[in-house]
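Coordinate inspection notes
If you want the building blocks of each chain, they are given just below.
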Amino acid sequence: MILCIETSTAVCSVALVDKGDVMAVRESLDGQNHAEKITVFIDEMMEEARISYKELDAVAVSMGPGSYTGLRIGVSTAKGFCYALDRPLIAVDTLAAMAYGFISQQTTVNSQQTLSSVYCPMIDARRMEVYSAFFNEKLERISETEAIIIDENSFSVIKQNHH
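Residues numbered from 1 in each chain as written. Predicted model: local features only at pLDDT ≥ 70, side-chain atom pairs only at ≥ 80, totals over all residues. Heavy atoms only, no water.

**Focus: helix α2 (residues 68-85)**
Basically, it comes down to this: Counting from the N terminus, the helices are the DSSP runs of H or I reaching at least four residues and the strands are the DSSP runs of E reaching at least two. For a helix, the expected span equals 1.5 Å multiplied by the number of residues minus one. Each residue gets one of three labels from its accessible area relative to the maximum for its type: buried under 20%, exposed over 50%, partly exposed in between, using a 1.4 Å probe on protein chains only. In this description, one arc is meant: the one made by directions from the helix axis to the C-beta atoms. Contacts: residue pairs with any heavy atoms within 4.5 Å of one another.
Here α2 spans 26 Å end to end across 18 residues, near enough to the 26 Å set by a 1.5 Å rise per residue. Taken together, the buried positions of α2 are occupied by G70, L71, I73, G74, T77, A78, F81, C82 and L85. End-on, the buried residues of α2 take up no more than an arc of 165°, which puts them together on one face. Those residues of α2 that are exposed and angled more than 90 degrees off the buried face are Y68, Y83 and A84. Contacts made by the buried residues of α2 are with β1 (2-6), α1 (34-49), β4 (58-64) and β5 (89-93). Just past α2, the residue D86 takes up positive phi, approximately 55°.

**Description of the sheet that holds strand β7 (residues 122-126)**
As a reminder, the rule being used: Here a strand pair is declared whenever DSSP counts at least two bridges between the two strands. Inter-axis angles, ranging from 0 to 180 degrees, are taken between N-to-C directions of lines fitted to C-alpha atoms, where helices are fitted over the stretch in contact.
With antiparallel pairing, the 3 strands of this open sheet are ordered in space as β7-β8-β10. Bordering the open sheet on either side are β7 and β10 (146-148), each of which pairs with just one other strand. Neighbour to neighbour, the strand axes of the sheet diverge by 35° on average, direction disregarded.

**Remarks on the pairing of strand β8 (residues 129-132)**
Across 4 bridges, the pairing between β7 and β8 is antiparallel. Directly across from D124, in β8, lies its bridge partner V130. Count of turn residues in the β7/β8 antiparallel hairpin: 2 residues, of which R127 carries a positive phi of about 50°.

**Side note on α1**
With 16 residues, α1 extends 22 Å between its outermost C-alpha atoms, agreeing within 8% with the 22 Å of an ideal straight helix rising 1.5 Å per residue. Buried residues of α1: H34, K37, I38, F41, I42, M45 and M46, and no others. One face of α1 carries all of its buried residues, which in axial projection span an arc of 155°. Pointing more than 90 degrees away from the buried face of α1 are the exposed residues E36 and E47. Residues of α1 that are buried in the fold lie against β1, β2 (12-18), β3 (21-28) and α2. R50, located one to two residues past α1, shows a positive phi value of around 55°.

Okay, structure coming up:
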């Protein structure tokens, strides 16, 4: 039983997952007040699922990249639960999780996957930049995470190497 926390973007989201099955979810898309919502969402979700905090095996939290304030709120909340419950903390790379979600969705829709697929999840980094990284179809990292300004030539190196 894992408590999952995502606060790296404008979305504040928590989920309770048992052996891969999502038991309950709470999320807000308004981009504000993660600090006010996160513990309320967790309490509501635990009550809905009729799960005691002591039944949690671990807490997973998005480790970024993303909003500095949002990440501080999510990681602080996760660490608090882990410390109080003496449970392990699982840090999840935000961009890898996004790539995994897309790859999983594509695999479900289309059983044949292109062997040379490249995935580039992005998160707004503000100042006209995005955080991005490249992953292959096996979710292996092709490039390190970086904040970049995108223009018409931003991905020419990746395009040349994977055609």
